[in-house]
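Coordinate analysis (summary)
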Amino acid sequence: MSEGIGILENQGIIEIHIDRPDKKNALTADMYRAMTSALADAAARTEIGAVLFAGKGDAFCAGNDLKDFMAGPQGGEAAFAFIRAIANFEKPIVAAVQGLAVGVGTTMLFHCDLVYAAPDARFVMPFVNLGIVPEAGSSLLAPAALGYAKAAAMLLLGEPLDAQAADQAGLVTAIVPGDVLLDHARRKAAMLMAKPPQALAATRRLMKGDLTALNQRIEEEARLFRETLQSAEAQEAFAAFFEKRAPVFRR
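A brief look at the structure comes next.

Considerations on the sheet that holds strand 3 (residues 50-55)
Here we have six strands laid out as an open sheet, ordered 1-2-3-4-6-9, and mixed in their pairing. Only two strands of the sheet have a single neighbouring strand rather than two, namely strand 1 (5-10) and strand 9 (174-175). Note that strand 6 (residues 114-117) and strand 9 share two bridges and pair parallel. Residue pairing in the sheet places Ala-117 in a bridge with Ile-175 of strand 9. With respect to the sheet, helix 8 (residues 181-193) is in contact with strand 1, strand 2 (13-18), strand 3, strand 4 (93-97) and strand 6, its orientation differing from that of strand 6 by roughly 165°.

What follows is the structure in structure tokens.
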């Protein structure tokens, strides 16, 4: 469907593979659009019972491709469209995470039902470090899922969680050896596919609850994200990133 995204279909499960390993699976606007399209296809087809996200190579997803993201508004809009799609998707989502899961590589996981992590998984939300704000509803979902203190360490300080800490905090379902990670996630997706679909969907809706507050937070984050992206702080953070130096925010 798109360079960098592979789509597989197997016995009622659509697999979305982030396939740009030379860039640690950093996402471009076209890659976001391909994933959004795949979710729409899965939502529309009654024979599809679950979606599985996975990353190729030694990373799950390094977040946005910063050069692509800064090239114009299309990157941001494509990212926000994907976020809305995954947040409101009505079928189970499974994720297989190895290596780095940065930015949206972590925040998208709050919208997944089952998250399996390899021992080398590392979850990072460095939004403040880049002079911007969180997205995907993570400012609401991270404190709810992890507790405020853990969420603050991740969102305010940009501190990472390794696989064990993420498992203890409740961000992941289980830690699975890397060599069997994808097969394990596929088996769990197949188990979901075998469940009574109406009971499964109803139970998932009950667990997710009313999405009104979540969608409002996603839109509020998106508005502030666009604003902060143009700020002097963000410009300094991005410049420092590309110049491989420490940013200076207080002069």
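On we go.
Overview of the packing of helix 5 (residues 138-146) against helix 10 (residues 212-229)
Here helix 5 crosses helix 10 at 125°, and the two axes come no closer than 8 Å. When the axes of helix 5 and helix 10 are compared, the pair comes out oblique. For the pair helix 5 and helix 10, the contacting residues are Ser-138, Ser-139, Leu-140 and Leu-141 in the first and Ala-213, Leu-214, Arg-217 and Glu-221 in the second. Here the contact of helix 5 with helix 10 is composed, by residue class, of four nonpolar, two polar and two charged.

Regarding the packing of aromatic side chains
Enumeration over the complete set of coordinates arrives at four aromatic pairs. Ring geometry for Tyr-32 versus Phe-82: centroids 5.8 Å apart, planes at 50°, classification tilted. Of this pair, Tyr-32 sits in helix 1 (residues 29-44) while Phe-82 sits in helix 3 (residues 73-87), and the two are 50 residues apart along the sequence. There is no split in this pair, since Tyr-32 and Phe-82 are both buried. Between Phe-53 and Phe-82, the ring centres sit 6.2 Å apart and the planes meet at 75°, which makes this aromatic pair edge-to-face. Residue Phe-53 is located in strand 3, and its partner Phe-82 is located in helix 3; the two are separated by 29 residues in the primary sequence. As far as burial versus exposure is concerned, Phe-53 and Phe-82 are alike and both buried. Through a chain of ring-to-ring contacts, the aromatic side chains of Tyr-32, Phe-53 and Phe-82 assemble into a single cluster.

What to know about the packing of helix 5 against helix 6 (residues 148-155)
Two measures define how a pair of helices packs: the angle their axes make with one another and the distance between the axes. Two numbers describe how helix 5 lies on helix 6: the axes approach to 6 Å, and their chain directions differ by 135°. Between helix 5 and helix 6, the interaxial angle falls into the category oblique. Between helix 5 and helix 6, the residues in contact are Ser-138, Ser-139, Ala-142, Pro-143 and Leu-146 and Tyr-148, Lys-150, Ala-151, Met-154 and Leu-155, respectively. Here the residues of the contact of helix 5 with helix 6 sort into seven nonpolar, two polar and one charged.

Things to note about the pattern of salt bridges
Using the criterion set out here, one finds 15 salt bridges in the structure. When the shortest N-O distance is used, the salt bridge between Asp-65 and Arg-20 registers 2.8 Å. With Asp-65 in the loop between strand 3 and helix 2 (66-70) and Arg-20 in the loop between strand 2 and helix 1, this pair connects stretches of sequence that are 45 residues apart. Its relative accessible area of 14% is what places Asp-65 among the buried residues. Here Lys-24 makes a salt bridge to Asp-58, at a shortest N to O gap of 3.0 Å.

Structural notes on unusual backbone geometry
One non-glycine residue with positive phi stands out, namely Gln-11, at about 50°. One can find Gln-11 in the loop between strand 1 and strand 2. Positive phi, close to 55°, is recorded for Lys-24, a residue that is not glycine. Note that Lys-24 resides in the loop between strand 2 and helix 1.

Cut-offs applied
Residues numbered from 1 in each chain as written. Predicted model: local features only at pLDDT ≥ 70, side-chain atom pairs only at ≥ 80, totals over all residues. Heavy atoms only, no water. Pairing = 2+ DSSP bridges. Helix = DSSP H or I, 4+ residues; strand = E, 2+ residues; numbered from the N terminus. Contact = heavy atoms within 4.5 Å. Axes fitted to C-alpha atoms, helices over the stretch in contact; angles between N-to-C directions. Parallel < 35°, antiparallel > 145°, perpendicular 65-115°, else oblique. Nonpolar A, V, L, I, M, F, W, Y, C, P; charged D, E, K, R; others polar. Phe/Tyr/Trp six-rings, centres within 6.5 Å; stacked < 30°, edge-to-face > 60°. Buried < 20%, exposed > 50% of the residue type's maximum accessible area, 1.4 Å probe, protein only. Salt bridge = Lys/Arg side-chain N within 4 Å of Asp/Glu carboxyl O.

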